[in-house]
Amino acid sequence: MRRKTFKDRTAWLEARRQTIGSSDSAMVLGVRPSPLILYNEKIHGIQRGPVSIPQRVGLALEPTIADLYTEQTGIAIA
């Protein structure tokens, strides 16, 4: 597996939009909230809506988690 790097978060999000990832699986299966929402997001770039509190916390913690991962594994995350 080759590791991809992106110049910024916007480029990463665009690359993510072009694939189906594990975080999309519940929508694909129709469990949450709807496969149509996922389709519109991936094909038309329509965003799901406002960022929730748990999402905001996750985004805020990303740098700290990346640092901890690098410390534990010796693998730097770009």
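To be clear, the structure that these remarks concern was listed above.
All of the points below concern the structure found in this document. (Residues numbered from 1 in each chain as written. Predicted model: local features only at pLDDT ≥ 70, side-chain atom pairs only at ≥ 80, totals over all residues. Heavy atoms only, no water.)

1. Some words on the overall build of the protein
And step 1. Helices and strands together make up the secondary structure of the protein, namely four helices and zero strands.
And step 2. Counting from the amino terminus, helix and strand elements in the protein follow one another as α-α-α-α.
And step 3. The C-alpha atoms of the protein give a radius of gyration of 15 Å, which is well past the 12 Å a tight globule of 78 residues would have.
And step 4. Here the C-alpha coordinates of the protein stretch approximately 40 × 30 × 20 Å along the principal axes.
And step 5. Considering only contacts within the protein whose residues lie at least 6 apart along the sequence, 31% involve residues at least 24 apart.
And step 6. Summed over all atoms, the accessible surface of the protein reaches about 6700 Å², with 60% contributed by carbon and sulfur.
And step 7. Positive and negative charge centroids in the protein, built from 11 and 7 side chains respectively, lie 6 Å apart. (Helix = DSSP H or I, 4+ residues; strand = E, 2+ residues; numbered from the N terminus. Rg over C-alpha atoms; globule rule 2.2 N^0.38 Å. Contact = heavy atoms within 4.5 Å. Areas by Shrake-Rupley, 256 points an atom, 1.4 Å probe, with all protein chains shown as cover. Lys, Arg positive; Asp, Glu negative; His and termini not counted. Charge placed at Lys NZ, Arg CZ, Asp CG, Glu CD.)

2. What about helix α3 (residues 35-44)?
And step 1. Restricting attention to buried positions, one finds in α3 the residues L38, E41 and K42. Buried residues of α3, viewed axially, fall in a sector of 90 degrees; they line one side. The outward face of α3, more than 90 degrees from its buried face, is lined by the exposed residues L36 and I43.
And step 2. If you follow the buried residues of α3, they end up packed against α1 (9-17) and α2 (25-28).
And step 3. G45, located one to two residues past α3, shows a positive phi value of around 75 degrees. (Buried < 20%, exposed > 50% of the residue type's maximum accessible area, 1.4 Å probe, protein only. Arc of directions from axis to C-beta.)

3. Examining the pattern of salt bridges
Proximity of charged atoms lets side chains of opposite charge pair with each other.
And step 1. Within this structure, the stated rule accounts for three salt bridges.
And step 2. Residue E14 pairs with R17 through a salt bridge whose shortest N-O separation is 3.2 Å. With E14 and R17 both in helix α1 and three residues apart, the pair spans about one turn of that helix.
And step 3. Overall, E14 belongs to the partly exposed group, its relative accessible area being 34%.
And step 4. With a relative accessible area of 23%, R17 lands in the partly exposed category. (Salt bridge = Lys/Arg side-chain N within 4 Å of Asp/Glu carboxyl O.)

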